[in-house]
Amino acid sequence: MTNKQQLDLGNVARNMSSDEQAISLIARLVTQPAVNLESSEITRHTGEISELKEQLEQKDAEIIELRKNVKQLEEDNHNLLIKLEAKDEEVKILKKRIQLLEDEKKILKEELAAVHFKLKSIEEEMKNIQQSRQDDEEKSSKLDEEMKMIHYTLKEIKKDLAATKSENEVLKKQIRHQTRYVPGALPLMSVQVSEEANASKNLGEMCLQIQAQLYKKILPGYFTPIRSYKIATLKKDIEKLSKTVNEKAEALKRWEDLKSTLQLREEDFEEALDALQEGYNRSHDLKPPNLNVKVLKESAELLERRNILKGWISLERVNGLIDVWKNLVDCGEKA
């Protein structure tokens, strides 16, 4: 084969496809003289041809698969675009819904603020009502306590009045027996009460004043000048009239402090007061005697000379009571 023929064959080969090149190569090899070809060369080229065919088949298969994938991707992309448009529409709807909810939230906040204000007003009103009710209950309770105290005081006053009436009757009888009469005067016309009766009256009044002053100092909130008091009454009222434990404790402390200050032995003191006061109770229609230390001392000395002061009402105990009276009552005298 000449050079020109080989060149033409090369140009033709470049214009052929891969399959055509392979066929042309085989034909060319076959047409060459057998003497110029060796069997090993033929075998090598045959293997290359087979390998090239396999590669061509693989490439074709890959191309087909890639085209399928491209088509699938295009379809997926189209579907995604459709979904994206749908999502965009959903986003628009959600934004509108969010705006609507924001508007409703604003309205609800305003309503909530109004409700809070109204609730606060109601709470204030309820607080005022409760305070008013509590004040009314306290007033009612206070009135109940005052009524109980009034009933108790009236009861004690009635007892005192009954005792006073009885004691006055006794005193009148004693006065009648101890009265001197003017000759020629009408029977039972009193001229002068005996000195003993006057002395007993003075000491009896002293006992009343001592116990009244003790009561006034120990239970000042319950003292009334229209009652006559005794130590037993004082003790009972500390227990019954005290409204709280603290009030009772304070009253008991004042009582103990007074006993300590006045150096009182409670039993002797109480017995002496009762004994001296027996048979005497101030009549509300008579003026009580005007007492001072001198009058009381003279009364005690008179009764001592008449041998009347004995036992619980010894002269020593009576003088002790006079000292107590002097410390409790403003008598205007110095010992």
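Residues numbered from 1 in each chain as written. Predicted model: local features only at pLDDT ≥ 70, side-chain atom pairs only at ≥ 80, totals over all residues. Heavy atoms only, no water.

**Student:** Looking at this structure, I do not really get the overall build of the protein chain. What am I missing?
**Tutor:** When helices and strands are tallied, the protein chain shows nine helices and zero strands. Listed by position from the N terminus, the elements making up the protein chain come as α-α-α-α-α-α-α-α-α. Burial status across the protein chain gives 24% buried among its 335 residues. Relative to all contacts within the protein chain whose residues are 6 or more apart in sequence, the contacts with residues 24 or more apart total 67%. (Helix = DSSP H or I, 4+ residues; strand = E, 2+ residues; numbered from the N terminus. Buried < 20%, exposed > 50% of the residue type's maximum accessible area, 1.4 Å probe, protein only. Contact = heavy atoms within 4.5 Å.)

**Student:** What should I look at first to understand the UniProt feature "coiled-coil region" (unreviewed entry) in the protein chain in this one?
**Tutor:** Listed under "coiled-coil region" (unreviewed entry) in the UniProt record, and renumbered for this structure, are residues 42-174 and 231-258. This span, residues 231-258, is 89% helix and 0% strand, and a straight line between its end C-alpha atoms measures 13 Å. (UniProt positions renumbered as here; feature names shortened; annotations may be inferred.)

**Student:** Sorry, what's going on with helix α5 (residues 231-241) here?
**Tutor:** The α-helix winds at 3.6 residues per turn, so residues separated by three or four positions along the chain end up facing the same way. Buried residues of α5: I231, T233, L234, D237, I238 and L241, and no others. On an axial view of α5, the arc spanned by its buried residues comes to 155°, and they lie on one face. (Arc of directions from axis to C-beta.)

**Student:** Explain unusual backbone geometry to me, please; I cannot follow it from the model alone.
**Tutor:** Of all residues except glycine, most have a negative phi; of all peptide bonds, most are trans. For Q263, which is not glycine, the phi dihedral falls at a positive 55°. Residue placement: Q263 occurs in the loop between α6 (245-262) and α7 (266-277). Given a relative accessible area of 71%, Q263 falls into the exposed group. Although it is not a glycine, N307 adopts a positive phi angle of roughly 60°. Inspection of the secondary structure puts N307 in the loop between α8 (293-305) and α9 (315-328).

**Student:** Help me understand the pattern of salt bridges, please; the structure alone is not making it clear to me.
**Tutor:** Here the idea is simple: oppositely charged side chains can pair when their charged atoms come close. Per the stated rule, a full pass over the model turns up 13 salt bridges. Note that R227 is salt-bridged to D237, the shortest N-O span being 3.7 Å. You can see R227 sitting in the loop between α4 (195-218) and α5 and its partner D237 sitting in helix α5, a full ten residues away along the chain. Pair check on accessibility: R227 and D237 agree, each one buried. It is possible to trace a salt-bridge network through shared partners that takes in E41, R44 and E48. (Salt bridge = Lys/Arg side-chain N within 4 Å of Asp/Glu carboxyl O.)

**Student:** Can you help me understand the nonpolar core in this one?
**Tutor:** One recurring pattern in soluble globular proteins is that nonpolar side chains are buried together. Among the nonpolar cores identified, the biggest contains 40 residues, and M206, I210, L214 and F269 are the most heavily contacted of them. Residue assignment for this core shows that the elements contributing at least two residues are α4, α5, α6, α7, α8 and α9. Of all the elements, α4 adds the most residues to this core, at nine residues. (Core = buried A, V, L, I, M, F, W, Y, C linked by side-chain atoms within 4.5 Å.)

**Student:** Just checking my understanding: could you explain the packing of aromatic side chains for this structure?
**Tutor:** Tallying each qualifying case throughout the model produces two aromatic pairs. A ring pair is formed by Y215 and Y229, whose centres lie 4.0 Å apart and whose planes are at 25°; its orientation type is stacked. With Y215 in helix α4 and Y229 in the loop between α4 and α5, this pair connects stretches of sequence that are 14 residues apart. Like Y229, Y215 is buried. (Phe/Tyr/Trp six-rings, centres within 6.5 Å; stacked < 30°, edge-to-face > 60°.)

**Student:** Please explain α6 as it appears in this structure.
**Tutor:** In this model, α6 (18 residues) spans 26 Å end to end at C-alpha, consistent with the 26 Å of a helix rising 1.5 Å per residue. Turning to α6, its buried residues number three or more, namely A251, W255, L258, K259 and L262. With its buried residues spanning 100° around the axis, α6 presents them on a single face. Of the exposed residues in α6, the ones pointing more than 90 degrees away from its buried face are V245, N246, K253, S260 and T261. Where α6 ends, the next residue or the one after it, Q263, has phi of about 55°, a positive value. (Expected span 1.5 Å × (residues − 1).)

**Student:** Whenever I open this one, a negative patch on the surface confuses me. Can you help?
**Tutor:** Taken together, the side chains of E51, E54, E57 and D60 present a region of like negative charge at the surface. Along the chain, the position of E51 falls in helix α3 (residues 39-177). By relative accessible area, which is 45% here, E51 ends up partly exposed. (Patch = residues over 30% accessible without salt bridge, like charges linked within 9 Å, V, L, I, M, F, W, Y side chains within 5 Å. Areas by Shrake-Rupley, 256 points an atom, 1.4 Å probe, with all protein chains shown as cover. Lys, Arg positive; Asp, Glu negative; His and termini not counted. Charge placed at Lys NZ, Arg CZ, Asp CG, Glu CD.)

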